[in-house]
Amino acid sequence: MSGDNDQNRKRRPPKMFLISTDQKVQDQLDGTIVLQRGYLCQEQDSGRSRGDSLWVKVLDNDFMLKIERKCLLEIPTDLSGLLEAVCEPEARLKHLGSPGKLQQMFELPVESPLWVQVGSQDQLAEADLKYIGPLTRGSSAVFFGVQLKGSAAGRGTGNGSFKGHRLFSCPDACALFLPVSHIRPRRWSSHNSSGAHERAREHPQQSPHRSGAYNPPSNGHHSNNERPNTHEPQQQQQHSRHISFQQRPGSPPQPPAAAVLSRTTEAAPPAAQSQAAVRGPLHVGQRVCFPLENDVHGGEVRFYGPLPGRSSAGPYVGVLLDAPVGNWDGVYRGEPLCHIPSARYGLLVPVSKVSPETKPHRPHPPLQMSKSILKAPVTRPGPSSPPASAPKVALMPPGKAAPRPPPPAKPALKAPPLPPPKPRSPPALQQHANGAQGPPSPLRSPDGSEGEEAGPWAELEVGSMVEVNAPPLFGVIRWIGQIGGVPEPVAGIELDQELSAGTDGSYLGERHFRCPANKGLFVKLRNCRRDSRFPAPETPVNQVERCNSIAFAEWGSERVEEHTPPTDGDEAANLYRGSKRGIQGHLNSCYLDATLFSLFSCCSSADFVLFWPSDSDPDSSQAQDLLRCEIVNPLRRYGYVCASKTMALRRLLEAANSDTGFTSQEKDPEEFLNRLFQLLRVEPLLKIRSMTLQAQEGHLYQLFPPTLPPSPRSPSSSSSPLGSPAPLPSPSPSQLRVASVQALLESSFLNAGLKFVEAPSCLLLLMPRFGKDFKMFDAILPTLSLDVTDLLDDALRQCSICQAVAEFECLQCYEDPDITPGRLKQYCRTCNTQVHSHRKRVSHVPVSVAVPGGPWSGAQLCSRQRMSLFAVTCIETSHYVSFVKHGPDAADWLFFDSMADREGGENGFNIPCVKACPEVGRYLGLSQEQLRRVDPASLREPARRLLCDSYMCLYHSPELSLYK
């Protein structure tokens, strides 16, 4: 007897305590150790702790200390795992003071409705309980796995898996694992409470975890309550406890034999159980559907009852929609009825138009307890007892002498038949892994209806690594097909280890696959699940569809019908600066976000595209309305636009151009703008002609200066970098190769013989780049005031020397070091003769230019045509950002990044950010020579990105924009 007591004492889990008061303990090695009230402690070697003090390990800081017993509050063994998962010490003390509530939370059944804390303490979200237990094997901390619902869907951290182990199944980004301090019941019913008390009376030793999916074993102190000498009836009792979750309240406990039979029979589909619980009128949280504009839409009930002041009209239903087709924000005549995150996702309809949804909105995981293993007999069909190493519960193969179990009790309400599952399968004539060919094996049952949705087993196929039964048996599927007497697909599995009840791949004398003796097992396909020892493959989420789903509801932006002009100065800075400002990026959209923010945030020169006549083209009208009312106006009024709006524009561009890349792939700003302006059918921004050709139209101009012909006898002090088409002064190793936009534009136009037919109101210039690893210039200086006077066709131009009317221009004089190198050279008739009479320039070939009707004589005071820089789009490692000038001062610059931060993981949300960057103005005020002498190492973000990574410079003429 004493030996048995010693063994029981050793198996007793260590006691857990909470420190009741703040303490300071002196340690010889670590000095003074501060212990906060609420810290969790674990008893260490209780055999030597017999005095007033106790050796404990403080789990919050991993110190081993001796603490007085009077300062420790013992935690009941069955509740210690719940408190271990709580991080806040004060919250542990609070919950320990209410052990009844803790026990009540631990006994919550799966699918219980909950309020869960998702942010700060005052932010609660709706959720359903899916799992209670530890997250990893060997852990004793008990967490609650929940599936977020309603507007909180999409704010989770996964799909029910933790570190590769599937604990339950739910849509991606809808799962959270929370401690007991972060949940509370959403509502209680007599069904739930009675079921909980009934389970507490029948099974005082609760299992440490419950779930509708996979439950990993725990080696912590909770599981130590179970004795190792557990007999078969005790295991059957545990199985009946799981099944009792699906029984009607008040039903008598089933005998053990019935519990065993329930494992080999069909369990009621989750749909039937959920419908059985929904009786009578509609209730909040229920899934409903209703007709709307020749279509049927679904959603979740958020309000049910009579409207204030209109009780005679009957009850109404407020629905949180799955799609943005609504127009109700949850308020009726100034009185809030429910919370709707966005009016596009809310609708108020009469109850007569609403009906409950018959199909569950989210697929439920299959019930684990409804498993059946098909065991082939070794000698002849007949009743036989399973061997010791066989699975705990087995279903005998069909035969004349085989006993049939009594039929299970049918549920009171049966779900309507659903489409049959569609597991992936090989062709009709299957080639197995071991080379044997089997007959055609259709994977659908003959009647084509099983009454339940396809679960995770629908993804299994020949070659999948699976596990069956509990405790699990691991193996590989070698065959899938039909077996006589079983009206559903059956899987033939080759086990990892031998089983005395196993076969060699034959069933009732018919061979289906080959494997070593005693390693073959036949089991219903739906009772197979993926091998939990390996991470389950994640199903990729369609990010394009997700952007238009309710997952983005709380990130949504408003629609603004009224035309909203841009703001400037301090008003613009206050509107845009901060996090969650600008245009939200999603799925490689930075090219579009940066371009739209540059064009429309603080400048109205491109607003003509918002009102350009569409000529009754529905596609053009839809795109224009979307751009104006969903993107530009909300951006200027609220400073923020959701990614779902830009995704809608990307969809239109994709549909109009038959290009599948606009919604998901990386694009360039020039491709986006060309396709957008074509869709909107707007007039081209630029009209340019060469000397010999007619005028050409376009929206952007690419700066790519060609190589200039060298002048005769010109000094050889000029050289070009490898592959550079423009000669540049040879800089010292410490100097930057710098070019200004003014010089690049003039050089490009001069050497190509181009002129503007008319002065542009908006000029979009693409900077020259030379491949991915080599840039043509170390830095490009965006000219603040771009002079285009000498680039206009049929305009009065001044002589570069005497300011008279110019009649000639000379290409070879452009880089002449004696006459202001790097500038356009144009002369009157007299100066042209004098300049080219010099021996250095006798070989130059000046070209006459068109002169507007005169006569003209003497110096002319001509006004210069200038354009102002209002934005710069930059690129670095395929990511686009933008700099926007928002006021008249030199320091009035904003930096915008549509993907500056991120919330969540792969299926999270990008957070756009706008910040002030006044230091940019100081560099833009430098001349080309001054910038060349700047130490490259002194350039800091974001000035470095503006000067070294500029991709497109945007100029406008406010006076000419009025004519557009």
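Just so it is clear, the structure is predicted and the values come from calculations on it, not from any experiment.

On to the overall build of the protein, then. Scanning the protein for helices and strands turns up 21 helices and 51 strands. Relative to its 964 residues, the protein shows a buried fraction of 50%. Within the protein, residue pairs in contact and separated by at least 24 positions form 65% of the contacts whose partners lie at least 6 positions apart. Accessible surface for the protein amounts to roughly 45800 Å². Of this, 51% is attributable to carbon and sulfur atoms.

In this section: the nonpolar core. By size, the foremost hydrophobic cluster in this structure holds 102 residues, and its most contacted members are Leu627, Leu649, Leu745 and Leu765. No other element matches helix H11 (residues 590-600), which puts eight residues into this core. Among all residues touching Leu765, those that are not within four sequence positions of it are Tyr701, Leu703, Val741, Leu745, Leu786, Tyr951, Met952, Cys953 and Tyr955.

This part covers the confidence of the model for the protein. The predicted coordinates of low-pLDDT regions are not to be read in fine detail. Taken as a whole, the protein shows an average pLDDT of 75; of its residues, 71% reach a score of 70 or greater. Confidence drops under a pLDDT of 50 for residues 359-453, and excluding neighbours within four residues, the segment shows 199 contacts in the predicted structure. Low pLDDT, under 50, characterises residues 707-731; the stretch is placed with 43 contacts to residues that sit more than four places away or in other chains.

On to the sheet that holds strand S18 (residues 310-321). If you trace the five strands from one edge of the open sheet to the other, you get S21-S18-S17-S16-S22, paired in antiparallel fashion. Edge positions in the sheet fall to strand S21 (346-350) and strand S22 (355-356), since each has one partner strand and no second. Pairing of S18 with S21, which is carried by five bridges, proceeds in the antiparallel orientation. Residue pairing for S21: Gly318 is matched across the bridge by Leu348.

It is worth spelling out unusual backbone geometry at this point. That bond from Glu941 to Pro942 is cis: its omega, 0 degrees, falls within 30 degrees of zero. You can see Pro942 is positioned in the loop between helix H19 (928-932) and helix H20 (943-948). For Asn518, which is not glycine, the phi dihedral falls at a positive 65 degrees. Turning to its location among the elements, Asn518 is positioned in the loop between strand S28 (510-511) and strand S29 (520-524). Look at Leu587: it is not a glycine, yet its phi comes out positive at around 55 degrees. Mapping Leu587 onto the fold places it in the loop between strand S32 (582-583) and H11.

Moving on, we get to the sheet that holds strand S46 (residues 847-848). A sheet is described by the order of its strands in space; here three strands give the open sequence S45-S44-S46, paired in antiparallel fashion. The outermost strands of the open sheet, each flanked by one partner alone, are strand S45 (826-827) and S46.

Take the pairing of strand S41 (residues 762-766) next. Of all the five residues making up S41, five are buried; the element is thus mostly covered by neighbouring parts of the structure. A two-sided burial pattern is seen for S41, the buried positions comprising Cys762, Leu764 and Leu766 on one face and Leu763 and Leu765 on the other. Summarising the sheet, S41 and strand S51 (residues 950-956) pair through five bridges and their orientation is antiparallel. Paired with Cys762 across the bridge in S51 is His956.

Residues Gly569, Ala572, Ala573, Leu575 and Tyr576 constitute the buried set of helix H10 (residues 569-576). Buried residues of H10, viewed axially, fall in a sector of 165 degrees; they line one side. Relative to its buried face, H10 has exposed residues pointing more than 90 degrees away, namely Asp570, Glu571 and Asn574. In this structure, the buried residues of H10 make contact with strand S31 (578-579), H11, helix H13 (618-638), strand S49 (893-903) and strand S50 (909-916). Directly after H10, the chain includes Gly578, whose backbone phi takes a positive value near 125 degrees.

Attention now moves to helix H4 (residues 99-106). Inspection of H4 places Leu102, Met105 and Phe106 among the buried residues, and these make up the whole buried set. With its buried residues spanning 100 degrees around the axis, H4 presents them on a single face. Facing away from the buried side of H4 by more than 90 degrees, the exposed set consists of Gly100 and Lys101.

Here the focus is the side chain of Asp787. Considering the arrangement of structural elements, one finds Asp787 in strand S43 (residues 785-787). Classification of Asp787 as buried rests on a relative accessible area of 13%. With near-sequence residues (within four places) excluded, Asp787 lies in contact with Gln742, Arg864, Gln865 and Arg866.

Working definition: two side chains of opposite charge can pair if their charged atoms are close together. Here the structure, examined in full by the defined rule, presents 36 salt bridges. In this structure, Arg533 and Asp531 form a salt bridge, with 2.7 Å as the shortest nitrogen-oxygen distance. Take Asp531: its relative accessible area is 4%, and that puts it in the buried class. The salt bridge involving Glu545 is made with Arg651; its shortest N-O contact spans 3.4 Å. Here Glu545 is found in helix H9 (residues 543-547), whereas its partner Arg651 is found in helix H14 (residues 643-657), with 106 residues between them in sequence.

Bringing the environment of Leu596 into the picture now. Locating Leu596 in the fold gives a position in helix H11. Measuring from C-alpha to C-alpha, the distance between Leu596 and Val632 comes to 8.2 Å, with 36 residues separating the pair along the chain. Ignoring any residue separated from it by four or fewer positions in sequence, one finds Leu596 in contact with Ile583, Ser601, Leu627, Ile631, Leu649 and Phe672.

Interhelical geometry of H13 versus H14 gives an angle of 165 degrees and a closest axis separation of 10 Å. The orientation of H13 relative to H14 falls into the category roughly antiparallel. As H13 packs across H14, the resulting crossing turns out to be left-handed. Across the interface between the two elements, Gln622, Ala623, Leu626, Leu627, Glu630 and Ile631 from H13 touch Lys645, Thr646, Ala648, Leu649 and Leu652 from H14. Considering only residue class, the contact of H13 with H14 consists of seven nonpolar, two polar and two charged.

The subject of this paragraph is the side chain of His182. By the secondary structure assignment, His182 is in the loop between strand S13 (175-178) and strand S14 (183-185). Discounting residues that sit within four places of it in the chain, His182 has contacts with Glu88, Trp115, Val116 and Gln117.

Here the structure, examined in full by the defined rule, presents 15 aromatic pairs. On the basis of an interplanar angle of 75 degrees and a centroid distance of 6.1 Å, the ring pair of Phe162 and Phe177 is categorised as edge-to-face. Of this pair, Phe162 sits in strand S11 (residues 161-162) while Phe177 sits in strand S13, and the two are 15 residues apart along the sequence. Taking the relative accessible area as the measure of exposure, Phe162 reaches 24% and is therefore partly exposed. Overall, the relative accessible area of 17% leaves Phe177 in the buried class. Taken together, the aromatic side chains of Trp479, Tyr507, Phe513 and Phe522 make up a single cluster linked through ring pairs.

A few words now on the environment of Asn469. Relative to the elements of secondary structure, Asn469 occurs in the loop between strand S24 (465-468) and strand S25 (473-483). Along the chain, Asn469 and Val523 lie 54 residues apart, while their C-alpha atoms are 9.5 Å from each other.

This part takes up the state of the cysteines. With the rule as written, the count across this model stands at zero disulfides. Lacking any disulfide linkage, Cys547 is separated from the closest cysteine sulfur, that of Cys642, by 6.1 Å. Overall, Cys642 belongs to the buried group, its relative accessible area being 0%.

What counts as what
Residues numbered from 1 in each chain as written. Predicted model: local features only at pLDDT ≥ 70, side-chain atom pairs only at ≥ 80, totals over all residues. Heavy atoms only, no water. Helix = DSSP H or I, 4+ residues; strand = E, 2+ residues; numbered from the N terminus. Buried < 20%, exposed > 50% of the residue type's maximum accessible area, 1.4 Å probe, protein only. Contact = heavy atoms within 4.5 Å. Areas by Shrake-Rupley, 256 points an atom, 1.4 Å probe, with all protein chains shown as cover. Core = buried A, V, L, I, M, F, W, Y, C linked by side-chain atoms within 4.5 Å. pLDDT = per-residue confidence, 0-100. Pairing = 2+ DSSP bridges. Arc of directions from axis to C-beta. Salt bridge = Lys/Arg side-chain N within 4 Å of Asp/Glu carboxyl O. Axes fitted to C-alpha atoms, helices over the stretch in contact; angles between N-to-C directions. Parallel < 35°, antiparallel > 145°, perpendicular 65-115°, else oblique. Left-handed = near helix turned anticlockwise from the far one by under 90°. Nonpolar A, V, L, I, M, F, W, Y, C, P; charged D, E, K, R; others polar. Phe/Tyr/Trp six-rings, centres within 6.5 Å; stacked < 30°, edge-to-face > 60°. Disulfide = S-S within 2.5 Å.

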